[in-house]
Amino acid sequence: MTENEIAEVNRLLNKLEPGFLPEQIFYQISRLAVLSAAEIAVLRRNSDKIEALLIKRPDDDPFFAGLWHTPGSMYISGDSIEKRPHEVLKNELPNTKFTSELKYLLDSEIVQYARGNVLERIYMIEASDSSDGVFFPIDDLPSNLVTYHDKIIEIAANKLKG
């Protein structure tokens, strides 16, 4: 890029307000930098099995079309470290009956997704029922699962098992 092009990009980026970015700009920043996300493994005990709640991405999602995923969201400017996972619970899981408090587990290594690199802040919570997604036994997860989300579930399930 030339100095003039860099100055123009900078001028245009300065017009953006902190918070959620326009989709196409978010994709470009995701491609260029490591971003942070809150990912939540929602687990339930069903007899002697542990199950994980997964949500299916829309078929028109440009990066994860039709894939199952754990509930989660990117951190945005203005978030506190704990605000984002509570927003995920409120916005993505309004019809889920939780039976425990949200627990922070760990920060992942940097995960490379089709959309870009992400540092995952992993949480878990237990639930008894949900119409927001589908519960799958953790030893029989769907094959069309977003990359690394099987690891998120494994980390949380191991914590739940003790």
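Residues numbered from 1 in each chain as written. Predicted model: local features only at pLDDT ≥ 70, side-chain atom pairs only at ≥ 80, totals over all residues. Heavy atoms only, no water.

A. Representation of the overall build of the protein chain. For the protein chain, the count of helices and strands is four helices and eight strands. Secondary structure elements in the protein chain, listed N-terminal to C-terminal, are α-α-β-β-β-β-α-β-β-β-β-α. If one aligns the C-alpha atoms of the protein chain with their principal axes, the spans along those axes are about 65 × 30 × 25 Å. Counting the 162 residues in the protein chain, one finds 43% classified as buried. For the protein chain, contacts bridging at least 24 residues in sequence account for 67% of all contacts bridging at least 6. Taken as two groups, the 18 positive and 26 negative side-chain charges of the protein chain have centres that lie 3 Å from each other. (Helix = DSSP H or I, 4+ residues; strand = E, 2+ residues; numbered from the N terminus. Buried < 20%, exposed > 50% of the residue type's maximum accessible area, 1.4 Å probe, protein only. Contact = heavy atoms within 4.5 Å. Lys, Arg positive; Asp, Glu negative; His and termini not counted. Charge placed at Lys NZ, Arg CZ, Asp CG, Glu CD.)

B. Region of interest: the side chain of Arg44. If you trace the backbone, Arg44 turns up in strand E1 (residues 34–46). We classify Arg44 as buried; its relative accessible area is 18%. Side chain to side chain, Arg44 and Glu51 meet in a polar contact 2.5 Å long. (Polar contact = N/O pair within 3.5 Å; in protein donor to acceptor, adjacent residues only side chain to side chain.)

C. How the structure looks around a nonpolar patch on the surface. On the surface, Met1, Ile6, Val9, Leu13, Leu21 and Ile29 cluster together into a nonpolar patch covering about 510 Å² of accessible area. Relative to the helices and strands, Met1 resides in the segment before helix H1 (3–13). Judged by its relative accessible area of 70%, Met1 is exposed. (Patch = residues over 30% accessible without salt bridge, like charges linked within 9 Å, V, L, I, M, F, W, Y side chains within 5 Å. Areas by Shrake-Rupley, 256 points an atom, 1.4 Å probe, with all protein chains shown as cover. Salt bridge = Lys/Arg side-chain N within 4 Å of Asp/Glu carboxyl O.)

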